[in-house]
Amino acid sequence: MNSIQLTSPVWVIASKELRDSLRNRWILFMGCIFMMLSLSVTFAGSAVTGELALPPLANLMSSLSTTAVFIIPLAAILLSYDSFVGEQEAGTLLLLLSYPVSRSQILMGKLLGHCLVMFITTSCAFGLTAILLIMLGEQYATDEVVSVFMQFIISSNLLALTFILLGYIVSIRATEKAKAVAGLLFVWFLLVLIYDLLLLTVLVSDVAFMDKPLLNILIALNPTDLYRAMNLVAVDAKGTGAALSMIADIDLSLSVMYLLMLGWISSLLFISQKLFSGKPL
């Protein structure tokens, strides 16, 4: 059974994507970026206040998620933007389809490989931060740090998976790699910067029509805000700033937000499968 699974087309394609990321140093490069991000926010984030001290866990996770929400989607885009248009330009996609492998297997193989790449980089970087916090932070409970960082790693990979699938959709539709990059950077700019900034502006302005049901809908409509809310609710970060406190005070439970994120992933996977199945070569 194991030999059959290891030689399945999905695993073969996934292992090929993983080897490519190892060979071109993508895993090392992004792992170092995530590690520097995590360690600097954790151990040097308080420098702006004039002192070096480990922050409360709620404040730390708020800062980490606020910073990671910019970097993780961008990393996922860079990983996936040329998955289909790049292979089509090189002629390898047509060659791959000449083998006894279905388009669904190709898509799932690439998705599995890219998910493994993101899981390795985020787990190593954020896992090391958790270990150092347990060793150096006497004020933190070990079980609490482990629980919070496990939730952070899982939610980070779900966010990455969302943007990997967005990358697939754009890559399948694009005719050139340059157009795929431009389209995905626009999607990143729209979801990560513009939408998020407008939502925080509305929250800080305390406009009359902004109630909790509307806030729930606005957060659910954007995976990046959903990611931020998941991590704030997980540590009960209601005192971390005006706008962030309102996000942490939403009516959605953590399990419901995970279901919403899985809904995003399922919808994007369905769309990418439909587009790839009908893509002419």
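Residues numbered from 1 in each chain as written. Predicted model: local features only at pLDDT ≥ 70, side-chain atom pairs only at ≥ 80, totals over all residues. Heavy atoms only, no water.

1. Let's talk about the overall build of the chain
Item 1. A tally of regular secondary structure across the chain gives 13 helices and zero strands.
Item 2. Secondary structure of the chain in N-to-C order comes out as α-α-α-α-α-α-α-α-α-α-α-α-α.
Item 3. Counting only residues that meet the buried cut, the chain has 45% of its 281 residues in that class. (Helix = DSSP H or I, 4+ residues; strand = E, 2+ residues; numbered from the N terminus. Buried < 20%, exposed > 50% of the residue type's maximum accessible area, 1.4 Å probe, protein only.)

2. Some details on the pattern of salt bridges
Item 1. Under the defined criterion, the tally for this structure stands at six salt bridges.
Item 2. As a salt-bridge pair, Glu87 and Lys110 come within 2.6 Å of each other at their nearest N and O atoms. Taken together, the positions of Glu87 in helix H5 (residues 85-90) and Lys110 in helix H7 (residues 103-136) put the pair 23 residues apart, joining distant regions of the chain. As far as the burial class goes, Glu87 and Lys110 line up, both buried.
Item 3. In this structure, Arg228 engages Asp196 in a salt bridge whose closest nitrogen and oxygen atoms are separated by 2.4 Å. Residue Arg228 is found in helix H11 (residues 223-234), and its partner Asp196 is found in helix H9 (residues 177-205); the two are separated by 32 residues along the sequence.
Item 4. When its relative accessible area of 2% is taken as the criterion, Arg228 is described as buried.
Item 5. Owing to a relative accessible area of 4%, Asp196 belongs among the buried residues under this scheme.
Item 6. One connected set of salt bridges, linked through shared partners, spans Lys16, Glu17, Asp20, Arg23, Glu87 and Lys110. (Salt bridge = Lys/Arg side-chain N within 4 Å of Asp/Glu carboxyl O.)

3. Notes on the nonpolar core
Item 1. Core analysis: the largest hydrophobic core is formed by 70 residues, its most contacted members being Leu60, Met61, Ile72, Met118, Phe149, Phe163 and Tyr227.
Item 2. At 16 residues, helix H8 (residues 142-173) tops the list of elements feeding residues into this core. (Core = buried A, V, L, I, M, F, W, Y, C linked by side-chain atoms within 4.5 Å.)

4. Structural notes on the packing of helix H4 (residues 57-80) against H11
Item 1. Closest axis-to-axis distance for the H4/H11 pair is 9 Å, and the angle between their directions is 155°. Judged by the inter-axis angle, H4 sits roughly antiparallel to H11. In terms of crossing hand, the pair formed by H4 and H11 is right-handed. Contacts between H4 and H11 involve Ser62, Ser65, Thr66, Ala68, Val69, Ile72 and Pro73 from the first element and Thr224, Tyr227, Arg228, Asn231 and Leu232 from the second.
Item 2. Among the residues making up the contact of H4 with H11, the classes are represented as six nonpolar, five polar and one charged. (Axes fitted to C-alpha atoms, helices over the stretch in contact; angles between N-to-C directions. Parallel < 35°, antiparallel > 145°, perpendicular 65-115°, else oblique. Left-handed = near helix turned anticlockwise from the far one by under 90°. Contact = heavy atoms within 4.5 Å. Nonpolar A, V, L, I, M, F, W, Y, C, P; charged D, E, K, R; others polar.)

5. So, the environment of Ile217
Item 1. Mapping Ile217 onto the fold places it in helix H10 (residues 212-220).
Item 2. Each C-alpha atom of the pair Ile217 and Leu252 lies 9.9 Å from the other, and the pair is 35 residues apart in sequence.

6. Topic: helix H13 (residues 254-277)
Item 1. In this model, H13 (24 residues) spans 35 Å end to end at C-alpha, consistent with the 34 Å of a helix rising 1.5 Å per residue.
Item 2. Considered for burial, the residues of H13 that qualify are Met257, Tyr258, Met261, Ile265, Leu268, Ser272 and Phe276. (Expected span 1.5 Å × (residues − 1).)

7. Focus: the confidence of the model for the chain
Item 1. For the chain, mean pLDDT is 84; residues scoring 70 or higher make up 87% of the total.
Item 2. Of all the helices and strands in the chain, helix H1 (residues 2-6) carries the lowest mean pLDDT, 48, while H13 carries the highest, 94. (pLDDT = per-residue confidence, 0-100.)

8. Considerations on the packing of aromatic side chains
Item 1. Within this structure, the stated rule accounts for six aromatic pairs.
Item 2. Relative to Tyr168, the ring of Phe84 has its centre 5.4 Å away and its plane inclined at 90°; by these criteria the two rings are edge-to-face. Here Phe84 is found in the loop between H4 and H5, whereas its partner Tyr168 is found in helix H8, with 84 residues between them in sequence.
Item 3. For Tyr168, a relative accessible area of 0% gives the class buried.
Item 4. Members of the aromatic cluster, connected to one another through ring pairs, are Phe34, Phe126, Phe149, Phe152 and Tyr227.
Item 5. For the cation-ring pair, Arg103 lies above Phe276, with the distance from its terminal atom to the ring centre recorded as 5.4 Å.
Item 6. Over the ring of Phe84 we find Lys110, and its NZ or CZ is 5.7 Å from the ring centre. (Phe/Tyr/Trp six-rings, centres within 6.5 Å; stacked < 30°, edge-to-face > 60°. Lys NZ or Arg CZ within 6 Å of the ring centre and 35° of its normal.)

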